[in-house]
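Overview (structure and organization)
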Amino acid sequence: MSSRPDDAGRRGQIIRESARLFREKGFDATSVRDIAAATGLQSGSWVYHFRTKQDILAAVMEEGLAQALERIEAIGREQLPPREHFRALLRTHLDTLLGPGQDFIPVLLYEWRSLEAAARPRIVELQRRYESVWEMAIGELQRSGEWAMPTPVDRLLMFGALNWIAHWYRPAGPLDAVQLAAEAERFFLRTPAAPPRDASAPRAGRARAARPRSVRGGRASRRES
């Protein structure tokens, strides 16, 4: 394959237009004729750049992850305080999902099952690198006390909530991506961490009047504060 600049530009155009078509129509419903028409190529000439439509799908997913990874790794090099780091990651992630022309990651989310097994390992490796940046950011927040009550599945729950936004978000709605990122930050970090307990201090229950008792199954019991 030639490495001339115009060839690289044509390949990039095929990837971009294919991502748009896969997102709008679905992978199975997008034909090679559709791709050729969208890129101005003659039918069949796209094989100069890709052997199969599956190769295009894999390239779309790789391109999206590579771009997203480059952006969040650049944020990490800024050495921001934990909350500012997290805020920047949120804005960037939502931009890759919702921004104009950002079709790559939605295709990854929607069409993962369409990707052949042989192409998945290299995509998974990029996903792991991407998610590891977030794991470090969450760890920083936990150590600073700004991510309260950590659990073993924080990352999975967070990505589940963030990625689902691509299904319901509408650009004409009341929030743009930056505002939505601010709301996501409030949602994930709104509960302050409990201060460490001083073993020498009296227990809170001894310093307050007794709380009313409740009846459970005919026996009186005290509700834990």
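Refer to the structure printed above.
Structure report, in brief. Bear in mind that the values here come from a model prediction, so they are computed numbers and not experimental data.

1. Examining the environment of Thr-52
One can find Thr-52 in the loop between helix 2 (32-39) and helix 3 (53-76). Considering only alpha carbons, one finds Thr-52 and Val-32, 20 residues apart in sequence, at a separation of 9.0 Å. At a separation of 3.3 Å, a polar atom in the side chain of Thr-52 contacts the main-chain amide nitrogen of Gln-54.

2. Quick look at the nonpolar core
Counting residues in each nonpolar core, the largest one holds 53 residues, and the members touching the most others are Phe-86, Trp-134, Met-158, Leu-162 and Phe-188. Only helix 1 (5-25), helix 3, helix 4 (82-98), helix 5 (104-110), helix 6 (120-144), helix 7 (154-168) and helix 8 (177-189) provide two or more residues apiece to this core. Here the element with the most residues in this core is helix 3; it accounts for eleven residues. Residues within four places of Met-158 in sequence aside, it is in contact with Phe-86, Trp-134, Ile-138, Trp-147 and Phe-188.

3. Some points on the packing of aromatic side chains
Tallied over the full model, the rule gives eight aromatic pairs. Taking 5.4 Å as the distance between ring centres and 70° as the angle between the ring planes, the aromatic pair formed by Phe-187 and Phe-188 counts as edge-to-face. Given the relative accessible area of 46%, Phe-187 is considered partly exposed. Counting every residue linked through ring pairs, the aromatic cluster contains Phe-86, Tyr-130, Trp-134, Trp-147, Phe-159, Phe-187 and Phe-188. When the ring centre of Phe-27 is taken as origin, the NZ or CZ atom of Lys-53, which lies over that ring, is 4.3 Å away.

Scoring rules and cut-offs
Residues numbered from 1 in each chain as written. Predicted model: local features only at pLDDT ≥ 70, side-chain atom pairs only at ≥ 80, totals over all residues. Heavy atoms only, no water. Helix = DSSP H or I, 4+ residues; strand = E, 2+ residues; numbered from the N terminus. Polar contact = N/O pair within 3.5 Å; in protein donor to acceptor, adjacent residues only side chain to side chain. Core = buried A, V, L, I, M, F, W, Y, C linked by side-chain atoms within 4.5 Å. Buried < 20%, exposed > 50% of the residue type's maximum accessible area, 1.4 Å probe, protein only. Contact = heavy atoms within 4.5 Å. Phe/Tyr/Trp six-rings, centres within 6.5 Å; stacked < 30°, edge-to-face > 60°. Lys NZ or Arg CZ within 6 Å of the ring centre and 35° of its normal.

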